[in-house]
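Summary of the model geometry
Single-letter residue listing:
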Amino acid sequence: MFQAAKKLIRSVTESLLLTPKEPVFIHRVKIVNLPMHETGSIKKLLETLDLHHRFKKAPKWDYAYMNFETEEAARAAMSKLQGVEFKKQIISTEYKQVSEQAFKVKFEAKKKSLVDVNDTRTPTERIADQVTPLHNIPYAEQIAKKHKLGYRYLNTLRKKVNALPELSEEAKSQIAWTNTLKDMDIELLDTIQSPLVNGYRTKCEFTIGRDLDGKKTVGFLLGLYKEGITAVLNPKDSLHIPDKAKEIAKAMEDYVKESEYDVYDRVEKVGVWRSIMTKTQRTGDVMVLIQINASELTDVQVQQEKEKLMDYWKNQNEINLTTLMLQVWNGASNGVTDKGTTEILIGDGYVYEELLGCRFRISPNAFFQVNTPAAELLYSKCAEWCDIKDKKVTLLDLCCGTGTIGITMAKSVDRVIGIEMIPEAIIDAKTNALLNNITNVEYYASKVEDKIDVVKSTKNENVIAVLDPPRNGVNTSVIRAVREAEQIEKVIFICCDVKQALPNLIGLCRPTSNRFKGQPFKPLRAVSIDIFPHTDHCEMMIEFVRLK
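Residues numbered from 1 in each chain as written. Predicted model: local features only at pLDDT ≥ 70, side-chain atom pairs only at ≥ 80, totals over all residues. Heavy atoms only, no water.

1. Observations concerning the overall build of the protein
Broken down by element type, the protein carries 16 helices and 22 strands. Relative to the 2.2 N^0.38 estimate, which gives 24 Å for 548 residues, the radius of gyration of the protein is 26 Å and therefore close to what a compact globule would have. Of the roughly 28000 Å² of accessible surface on the protein, a fraction of 51% belongs to carbon and sulfur atoms. In the protein, the 78 positive side-chain charges and the 74 negative ones have mean positions that sit 4 Å from each other. (Helix = DSSP H or I, 4+ residues; strand = E, 2+ residues; numbered from the N terminus. Rg over C-alpha atoms; globule rule 2.2 N^0.38 Å. Areas by Shrake-Rupley, 256 points an atom, 1.4 Å probe, with all protein chains shown as cover. Lys, Arg positive; Asp, Glu negative; His and termini not counted. Charge placed at Lys NZ, Arg CZ, Asp CG, Glu CD.)

See the structure below:
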């Protein structure tokens, strides 16, 4: 009887192994008739169509791809895109069902083709070159390099405005300052250095995966995932990561190594442990958010893991955790996302930071500058340029986020008006105003162009706008609204990425037309602020004044 049972089990097992798996498909939408060399404007278009979805597009492509998990989602996106006019072209779409297995084969082939046999760098050197590409350059030389880059950006702005086609003589007179470098007459101040050169990042995101030896670890991907790279290297030698964040990454690595569950495999889409985000503020507050894939776990197992995590992190005395959160995200995209389900396990889900004498509450999804001492220099210079000689000034804080700029300047002005599209950020801004006993602020959760008319009711003669948008800038409608608000005589524009913000800067400066009404602005002075030492990135602040 025992032999018969064994035979039956073997038979069932073999039949299961021989039974082909149900094929898994990726539902791909090809978007056709797009402009080449553009991604920022395409992203904005998708957002206006309520398509907050990643897309793939090479610079020379006149098309892009979006992948969906279901055919229904793909078809819904197609219905939103089909027939839309964009950049004088009518968009069309194509649907294709692609085998996920075929995708994996292509991924592995690309991974092998990208191996450079002549690359003699160690893994540590490779990760340093990737996340801190200027790490081998003395800091003074980094600053000089970024200063030259700032000059180049300003000259590019001048050339782009000067090259605008089909201008009348009157229009040309409005941009006469672009004719030569001498005519431009803009002051580029010395680049402001970061007070902290190493360990300055208060926010870090780490991948949970396997290193080159296949061991579980927490750190940075050793390259780009889209290029087939899945190996992870710990951040212990990364110059820009603070010691506290490194301690947290090591503690998480120790936990994962002892866990009964595996790390998440980005190719196979299986496993539990995905990523971890840290916020380690100057105040000493520490936030940890751990992301898992729970598609393989029961509700009971998830609950048990929550209890284990709480017990483990409560006993990490050297880290002194303020708040711990767990995010469940079973989707295909990688990294911490607001699409996931986030639960607070320890604390209240917030950390606090102090900046220019003010205190700010920071939620997990809130934007806050990652280099606090350098941000203080940035905001101090911004206040200086606003040139507030008396309190009869209205400060228009556009894309205000959690209210940082407006709150730090509120005591120097008569009134602050903050406008921000993200409702959660406005909640944070209002809370931060209360924290600092600021009563002369008004916040609106709205598109800038829909609320900027509130300044028309102001009796103050002086209205200054500070625009600190996301990396890819703002929609053209925001720039047009600023130009049409005649009360605004000065705009302080803070760029995370001048290349991506360039269309916005051109929009402020281009001559008056039916589409861009109101008198144009001219750049008066600019300065770069090194928020990100050892990297190519740098904030640039430009003061624009309206032409009379």
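2. Focus: the sheet that holds strand β2 (residues 63–68)
On the basis of which strands lie adjacent, the open sheet formed by 3 strands has the order β2-β1-β5 and antiparallel pairing. The open sheet is flanked by β2 and β5 (92–99), the only strands paired with a single partner. Within the sheet, the average angular offset between the axes of one strand and its neighbour, ignoring direction, is 25 degrees. Inspection of the sheet shows strand β1 (residues 25–32) paired to β5 by 8 bridges, in the antiparallel sense. When the sheet's bridge partners are listed, Phe25 is paired in β5 with Ser99. Across the sheet, helix α3 (residues 71–81) lies against β1, β2 and β5, angled at about 165 degrees from β5, the strand it touches most. (Pairing = 2+ DSSP bridges. Axes fitted to C-alpha atoms, helices over the stretch in contact; angles between N-to-C directions. Contact = heavy atoms within 4.5 Å.)

3. Section: the pattern of salt bridges
A full pass over the atoms with the stated rule returns 22 salt bridges. As a salt-bridge pair, Arg121 and Asp129 come within 2.8 Å of each other at their nearest N and O atoms. By relative accessible area, Arg121 is classed as partly exposed at 35%. Look at Asp129 and you get partly exposed, because its relative accessible area is 28%. A salt bridge links Asp262 to Arg210; the nearest nitrogen and oxygen atoms lie 2.7 Å apart. Of this pair, Asp262 sits in the loop between α9 (243–258) and β10 (273–280) while Arg210 is found in strand β7 (residues 203–210), placing the two residues 52 residues apart along the sequence. Classification of Arg210 by relative accessible area gives partly exposed; the value is 32%. One salt-bridge network, held together by shared partners, links Asp119, Arg121 and Asp129. (Salt bridge = Lys/Arg side-chain N within 4 Å of Asp/Glu carboxyl O. Buried < 20%, exposed > 50% of the residue type's maximum accessible area, 1.4 Å probe, protein only.)

4. Some words on helix α16 (residues 498–509)
Most of α16 sits inside the fold, with 9 of its 12 residues counted as buried. Of all the residues in α16, the buried ones are Val498, Ala501, Leu502, Asn504, Leu505, Ile506, Gly507, Leu508 and Cys509. With a side-chain oxygen lying 3.1 Å from the backbone nitrogen of Lys499, the N-terminal cap of α16 falls on Asp497. (Polar contact = N/O pair within 3.5 Å; in protein donor to acceptor, adjacent residues only side chain to side chain.)

5. Focus on the environment of His37
Here His37 lies in the loop between β1 and α2 (40–48). Measuring from C-alpha to C-alpha, the distance between His37 and His147 comes to 26 Å, with 110 residues separating the pair along the chain. Residues contacting His37, with those up to four places away along its chain left out, are Lys57, Pro59 and Lys60.

6. Considerations on the packing of aromatic side chains
The final tally for this structure, using the stated rule, is 8 aromatic pairs. Ring geometry for Tyr255 and Trp273: centres 5.6 Å apart, planes at 90 degrees, overall edge-to-face. Of this pair, Tyr255 sits in helix α9 while Trp273 sits in strand β10, and the two are 18 residues apart along the sequence. Exposure class is identical for Tyr255 and Trp273. Each is buried. (Phe/Tyr/Trp six-rings, centres within 6.5 Å; stacked < 30°, edge-to-face > 60°.)

7. As for the pairing of strand β12 (residues 323–328)
Counting buried positions over the 6 residues of β12 gives 5, a clear majority of the element. Across 6 bridges, strand β11 (residues 286–292) lies against β12 in parallel orientation. In the sheet register, Met287 faces β12, and the bridge partner there is Thr323. The parallel pair β11 and β12, bridged by helix α10 (residues 299–314), forms a crossover whose chirality is right-handed. Where β12 lies against strand β13 (residues 341–346), 5 bridges are found, and the strand directions are antiparallel. The residue bridging Val328 from the neighbouring strand is Thr341, located in β13. (Right-handed = clockwise from strand over helix to strand, strands pointing away.)

8. A closer look at the pairing of strand β19 (residues 462–467)
Among the 6 residues that make up β19, 5 are buried, leaving the element largely enclosed by the rest of the structure. Two elements, strand β16 (residues 393–398) and β19, share 6 bridges in a ladder whose sense is parallel. Residue pairing in the sheet places Val393 in a bridge with Asn462 of β19. Sheet analysis places β19 next to strand β20 (residues 488–495), joined by 5 bridges and oriented parallel. Counterpart to Ile464 in the pairing with β20 is Lys490.

9. A short note on the side chain of Asn155
By the element assignment, Asn155 lies in helix α6 (residues 139–162). Residue Asn155 is classed as buried on the basis of its relative accessible area of 14%. Of note is the side chain of Asn155, whose polar atom sits 3.0 Å from the side chain of Arg158.

10. Examining the sheet that holds strand β21 (residues 521–529)
Taken together, the 8 strands give an open sheet; going across it, the order is β6-β21-β22-β20-β19-β16-β17-β18, and neighbouring strands pair in mixed fashion. The sheet terminates laterally at β6 (187–188) and β18 (441–445), the two strands that pair on one side only. Contacting β16, β19, β20, β21 and β22 (539–546), helix α15 (residues 476–484) crosses the sheet at an angle of about 150 degrees to β20.

11. Brief notes about the packing of α15 against α16
Closest axis-to-axis distance for the α15/α16 pair is 9 Å, and the angle between their directions is 25 degrees. It follows from the interaxial angle that α15 and α16 lie roughly parallel. As for how α15 packs across α16, the hand of that crossing is right-handed. Between α15 and α16, the contacting residues are Ile479, Val482 and Arg483 on the first element and Asn504, Gly507, Leu508 and Cys509 on the second. Its residues assigned to classes, the contact of α15 with α16 comprises 4 nonpolar, 2 polar and 1 charged. (Parallel < 35°, antiparallel > 145°, perpendicular 65-115°, else oblique. Left-handed = near helix turned anticlockwise from the far one by under 90°. Nonpolar A, V, L, I, M, F, W, Y, C, P; charged D, E, K, R; others polar.)

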